[in-house]
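A look at the structure
The chain contents come next:
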Amino acid sequence: MATMSDHTTRPFPDLLHAQRVWDTELPPFDPATAPPAPLPLFHTWFAEAVAAGQPEPHAMSLATAGTDGVPDVRTLLLHDADERGFHFASHAISAKGHQLAAHAYAALGFYWPAQGRQVRVRGPVVRCTPAESHADLHARSTGALAAALTGTQSEVVDSVAELHRAADAAWERARAEPDTEAPTWTRYVVEPTEVEFFQGDARRRHIRLRYRRPERGDWTRELLWP
């Protein structure tokens with residue numbers, strides 16, 4: 001059995017090329033059976049990812065760009081997916097918050113390797129009301145509130161010790177004042193104009209079904225070459 005040391009000392013190209021994808025039986029996907037709108041299919045695929053034991057199926061990549069047009073990406077958690085769109089939250093003064101203020105458009109990416117599936121979302125981003133943002137934060141755990149109260153997201157911190165001191169103080173405040181405000185905490189919604197569903201295939205006959213909706217009209221469906 002290979003040990004941690006064996007993996008960390010192998011040349012990177014050898015280690016990279018030794019990796020395999022989808023070492024499991026993948027589910028079928030017939031795009032002809034897909035619903036006319038993407039939300040029901042997303043809900044179904046999410047539930048199936050949970051049932052398949054996919055770790056953190058609500059984790060997603062969020063891509064944004066600022067006034068310079070340079071892309072940026074990070075991983076965060078989905079807070080809801082409803083008729084309004086795909087919800088997430090962050091500080092308005094974070095890097096992503098500044099980028100969304102400058103260019104209110106984003107892309108999301110979900111990857112569920114347990115079933116060889118991806119979902120991609122693109123669309124404009126709107127800010128929710130302060131009341132919705134407050135409710136979002138206080139519907140989560142004490143740890144989430146403590147994290148929201150710790151420092152100034154994306155700013156430089158001088159040391160790990162300073163981070164720990166601020167985090168400990170934030171935990172104490174979150175426990176003592178569970179209704180406290182985090183004024184810059186903001187809930188956002190990506191209002192999708194495109195949603196693509198990707199089903200992997202062991203023989204590389206991947207199915208890609210794209211939904212598109214221009215100007216809030218009806219959704220159209222397109223099958224794409226992999």
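Values in this document were obtained by computation on a predicted structure and should not be read as measured data. (Residues numbered from 1 in each chain as written. Predicted model: local features only at pLDDT ≥ 70, side-chain atom pairs only at ≥ 80, totals over all residues. Heavy atoms only, no water.)

**Details of the overall build of the protein chain**
Applicable threshold: To qualify as a helix, a DSSP run of H or I must reach at least 4 residues; to qualify as a strand, a run of E must reach at least 2; elements of each kind are numbered from the N terminus. Exposed residues in this analysis have more than 50% of their type's maximum accessible area, buried residues have under 20%, and partly exposed residues fall in between, with area computed by a 1.4 Å probe over protein chains only. By definition, residues are in contact when any of their heavy atoms lie within 4.5 Å. Here the open area of atoms and residues is found with the Shrake-Rupley method and a 1.4 Å probe, where only the protein chains shown may cover a residue. Under this rule, positive means Lys or Arg and negative means Asp or Glu; His and the chain ends count for nothing. Lysine's charge is taken at NZ, arginine's at CZ, aspartate's at CG and glutamate's at CD.
Secondary structure summary: the protein chain contains seven helices and ten strands in total. Its C-alpha atoms put the protein chain at 55 × 55 × 40 Å along the principal axes. In the protein chain, buried positions account for 37% of the 226 residues. Across the protein chain, the fraction of contacts at a sequence separation of at least 24, relative to all contacts at a separation of at least 6, is 65%. When the accessible area of the protein chain is evaluated, it comes to approximately 13,400 Å², of which 56% is carbon and sulfur surface. The protein chain carries 23 positive and 29 negative side-chain charges, and their two centres are separated by 6 Å.

**With respect to the packing of aromatic side chains**
Note the following rule: Stacked, tilted and edge-to-face pairs are distinguished by plane angle, under 30 degrees for stacked and over 60 for edge-to-face with tilted covering the rest, among Phe, Tyr and Trp rings (Trp via its six-membered ring) whose centres lie within 6.5 Å. A positively charged side chain is recorded as over a ring if its NZ (Lys) or CZ (Arg) lies within 6 Å of the ring centre. The angle to the ring normal must also be within 35 degrees.
For the coordinates displayed, the defined rule picks out 13 aromatic pairs. Ring centres of Trp45 and Phe197 lie 5.2 Å apart, and the angle between their planes is 85°; this geometry places the pair in the edge-to-face category. A residue pair is termed long-range when its members are at least 10 positions apart, and Trp45 in helix H3 (residues 38-51) and Phe197 in strand E8 (residues 194-199) qualify at 152 residues. On the basis of relative accessible area, Trp45 is assigned to the buried category, the value being 2%. One aromatic cluster in this structure is built from Phe29, Trp45, Phe197, Tyr211 and Trp219. For the cation-ring pair, Arg117 lies above Trp45, with the distance from its terminal atom to the ring centre recorded as 4.1 Å.

**Notes on the packing of helix H6 (residues 142-149) against helix H7 (residues 160-176)**
Selection rule: Angular values range over 0 to 180 degrees, each being the angle between N-to-C directions of two axes fitted as lines to C-alpha atoms, with helices fitted over their stretch in contact. Oblique is the label for every angle not falling under 35 degrees (roughly parallel), over 145 degrees (roughly antiparallel), or within 65 to 115 degrees (roughly perpendicular). Crossings are classed by handedness, with left-handed meaning an anticlockwise turn of the near helix from the far one by less than a right angle and right-handed meaning a clockwise turn. Throughout, the ten residues Ala, Val, Leu, Ile, Met, Phe, Trp, Tyr, Cys and Pro are labelled nonpolar, Asp, Glu, Lys and Arg are labelled charged, and all others, Gly among them, are labelled polar.
Where H6 meets H7, the closest approach of the two axes is 8 Å, and the angle between their N-to-C directions is 125°. When the interaxial angle is binned, H6 and H7 end up oblique. Like other packed secondary-structure pairs, H6 and H7 cross with a definite hand, here right-handed. Contact residues: Thr142, Gly143, Leu145, Ala146 and Leu149 in H6; Ala170, Trp171, Arg173, Ala174 and Arg175 in H7. Here the contact of H6 with H7 is built from residues that sort into six nonpolar, two polar and two charged.

**Quick look at the pattern of salt bridges**
The test is simple: A carboxyl oxygen of Asp or Glu within 4 Å of a side-chain nitrogen of Lys or Arg is what we treat as a salt bridge.
Summed over the entire model, instances satisfying the criterion amount to twelve salt bridges. Here Glu172 ties to Arg175 by a salt bridge, and the two come within 3.3 Å at their closest N and O atoms. Of the two residues, Glu172 and Arg175 are both situated in helix H7; the distance of three residues between them amounts to about one turn of the helix. The exposure class assigned to Glu172 is exposed, which follows from its relative accessible area of 51%. Taking relative accessible area as the criterion, Arg175 reaches 51% and is therefore assigned exposed. The partner of Glu222 in a salt bridge is Arg210, with the nearest N and O atoms 2.9 Å apart. Of this pair, Glu222 sits in strand E10 (residues 220-224) while Arg210 sits in strand E9 (residues 207-212); the two residues are twelve residues apart in sequence, bridging distant segments of the chain. It is possible to trace a salt-bridge network through shared partners that takes in Arg120, Glu196 and Arg208.

**Observations concerning the side chain of Arg74**
This is how the line gets drawn: N or O atoms closer than or at 3.5 Å make up a polar contact, with two conditions inside protein: a donor-capable atom paired with an acceptor-capable one, and, for residues adjacent in sequence, both atoms drawn from side chains.
Structurally, Arg74 can be placed in strand E2 (residues 71-77). Within the local environment of Arg74, its side chain forms a polar contact with the side chain of Asp72, the two groups lying 3.3 Å apart.

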